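Survey of secondary and tertiary structure
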Amino acid sequence: LAKTTQPISMDSYEGQEVNITCSHNNIATNDYITWYQQFPSQGPRFIIQGYKTKVTNEVASLFIPADRKSSTLSLPRVSLSDTAVYYCLVAGPNQAGTALIFGKGTTLSVSS
Amino acid sequence: DVKVTQSSRYLVKRTGEKVFLECVQDMDHENMFWYRQDPGLGLRLIYFSYDVKMKEKGDIPEGYSVSREKKERFSLILESASTNQTSMYLCASSSGSLGNQPQHFGDGTRLSIL
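The shown structure was predicted, so the numbers you read here are calculated from the model rather than taken from an experiment.

1. Overview of the interface of chain A and chain B
Interface size is often expressed as the accessible area that is lost when the parts come together. With 22 residues of chain A at the contact, the number on the chain B side is 22 residues. Summed over both partners, the interface of chain A with chain B comes to about 1700 Å²; 57% of that surface belongs to carbon and sulfur atoms. Taken together, the connections running from chain A to chain B amount to 0 salt bridges. At the junction of chain A with chain B, the criterion picks out 5 residue pairs in polar contact (both at pLDDT 80 or more). Of all the secondary structure elements, the ones that give two or more residues to the side of chain A that touches chain B are strand S3 (32-38), strand S4 (45-50), strand S8 (84-94) and strand S9 (97-102) of chain A.

Here you go:
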């Protein structure tokens, strides 16, 4: 099973780019990497998903190296409202069933 | 927009009670999930279901059971509640193949067992 490891916390200032890396050394061939954002008293919300190389949408980019053993969520020009917990999920079918393994989350604090 | 609705935001029960947490989704999703979230431990999967009447254990199924009689509804059951089951419970749903489709979460039920 692909265990994920993320930094517990990160601090940033408004307007900076923030990169959060998730390690997943045992990722399986069919696994996808998905990132979620969670605010207090709410459920996690989907940000971005990828399988390999680079994916970009209107809020973030996801960088996945060729060996896929890690991934980096990049948030351009963060604002105070980006203060939240960010989760990395590696998920997909495996031989024994289906693995859905969230990281423990990275608490991002953005200051002015 | 997908909506996942959990029946209660806050719930207080007593040790030994049988507790039901209900979750309903309105997007005809095949897959539904129950997680618990505890400080420092992140989200841990309890059970999930990929079809009506089908279920599969997650990482921490002990002390829990689930029921999925209809596609839109997934229930989590604490057979005999204990204090160590005090937690935030999150329900989610997704379409298609597990893993390559985003999960849509409800806003959680904060359960306290006294």
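That covers the picture; the talk isn't over yet.
2. Details of the environment of Pro44(A)
Counting through the fold element by element, Pro44(A) comes out in the loop between S3 and S4. Residues Pro44(A) and Gly103(A), spaced 59 residues apart in sequence, show a C-alpha to C-alpha distance of 13 Å. Excluding residues within four positions of it along the chain, Pro44(A) makes contact with Tyr36(A), Gln37(A), Gln38(A), Leu43(B), Leu90(B) and Phe105(B).

3. Some words on the pairing of strand S4 (residues 31-38) of chain B
Residues and elements named next belong to chain B. Of all 8 residues in S4, 8 are buried, a share of seventy percent or more. Here S4 shows no split at all, with Asn31, Phe33, Tyr35 and Gln37 on one side and Met32, Trp34, Arg36 and Asp38 on the other all buried. Inspection of the sheet shows S4 paired to strand S9 (residues 87-94) by 7 bridges, in the antiparallel sense. In the sheet register, arginine 36 faces S9, and the bridge partner there is tyrosine 89. Between S4 and strand S5 (residues 42-51), which follow one another and run antiparallel, lie 3 residues, and glycine 40 among them has a positive phi close to 80°.

4. Considerations on the state of the cysteines
All names here are of chain B. Scanning all chains against the criterion turns up 2 disulfides over all chains. There is a disulfide in this structure between cysteine 23 and cysteine 91, and the S-S distance comes to 1.9 Å. With the S-S dihedral at roughly -80°, the linkage between cysteine 23 and cysteine 91 falls on the left-handed side. One end of the pair, cysteine 23, is in strand S3 (residues 19-25); the other, cysteine 91, is in strand S9, with 68 residues separating them in the sequence. A residue is classified by how much of its surface remains accessible, and cysteine 23, at 0% relative accessible area, is buried.

5. Description of the sheet that holds strand S2 (residues 18-23) of chain A
Paired through their backbone hydrogen bonds, the strands of a sheet run either parallel or antiparallel. Residues and elements named next belong to chain A. The strand order S2-S7-S6-S5 describes an open sheet built from 4 strands, whose pairing is antiparallel. Pairing within the sheet leaves two strands with one partner each, and these edge strands are S2 and strand S5 (53-56). Strand-to-strand twist of the sheet, defined as the mean angle between neighbouring strand axes without regard to direction, takes the value 15°. Here strand S6 (residues 61-64) pairs with strand S7 (residues 70-75) via 3 bridges, running antiparallel. Note on S7: the bridge partner recorded for leucine 62 is leucine 73.

6. A look at the pattern of salt bridges
All names here are of chain B. Inspection of the entire model under this criterion finds 5 salt bridges over all chains. Residues arginine 36 and aspartate 38 are paired through a salt bridge, measuring 2.9 Å at the closest nitrogen-oxygen approach. Here arginine 36 matches aspartate 38 in class, with each residue buried. Taken together, the shared-partner salt bridges in this structure form one network comprising Arg36, Asp38 and Arg44.

7. Considering unusual backbone geometry
Residue and element names in this part refer to chain A. The phi angle at serine 41 is positive, at roughly 65°, despite the residue not being glycine. With respect to the helices and strands, serine 41 occurs in the loop between S3 and S4. Relative accessible area serves as the criterion here: at 49%, serine 41 is assigned to the partly exposed category.

Rules of the game
- Numbering of residues begins from 1 in every chain and follows the order in which that chain's sequence is written.
- Chains and ligands are labelled by the order in which they are written, letters from A for the one and numbers from 1 for the other.
- For a predicted model such as this one, the threshold for reporting local features is a pLDDT of at least 70, and the threshold for listing and counting side-chain atom pairs is 80 or more; totals across whole chains, interfaces and linings nevertheless cover every residue.
- Side-chain descriptors were evaluated using all non-hydrogen atoms of the structure, hydrogens and water having been removed beforehand.
- It only takes one pair of heavy atoms within 4.5 Å for two residues to be counted as in contact.
- The term buried area denotes the loss of accessible surface (1.4 Å probe radius) that occurs when two parts are joined, taken as the sum for both partners.
- Think of a salt bridge as a Lys or Arg side-chain nitrogen and an Asp or Glu carboxyl oxygen that are within 4 Å of each other.
- Polar contacts, as used here, are pairs of N or O atoms within 3.5 Å; protein pairs need one atom able to donate a hydrogen and one able to accept it. Residues neighboring in sequence count only if both atoms are side-chain atoms.
- Secondary structure counts use DSSP, requiring at least four H or I residues in a row for a helix and at least two E residues in a row for a strand, with both numbered from the N terminus.
- Each residue is placed in one exposure class: buried if its accessible area under a 1.4 Å probe, protein chains only, is under 20% of its type's maximum, exposed if it is over 50%, and partly exposed if it falls in between.
- A pair of strands is considered paired only if DSSP assigns at least 2 bridges between the two.
- Two cysteine sulfur atoms form a disulfide, by the criterion used here, when they sit within 2.5 Å.
- The axes used here are C-alpha line fits, helices contributing only the stretch in contact, and every angle between their N-to-C directions lies in the interval 0 to 180 degrees.

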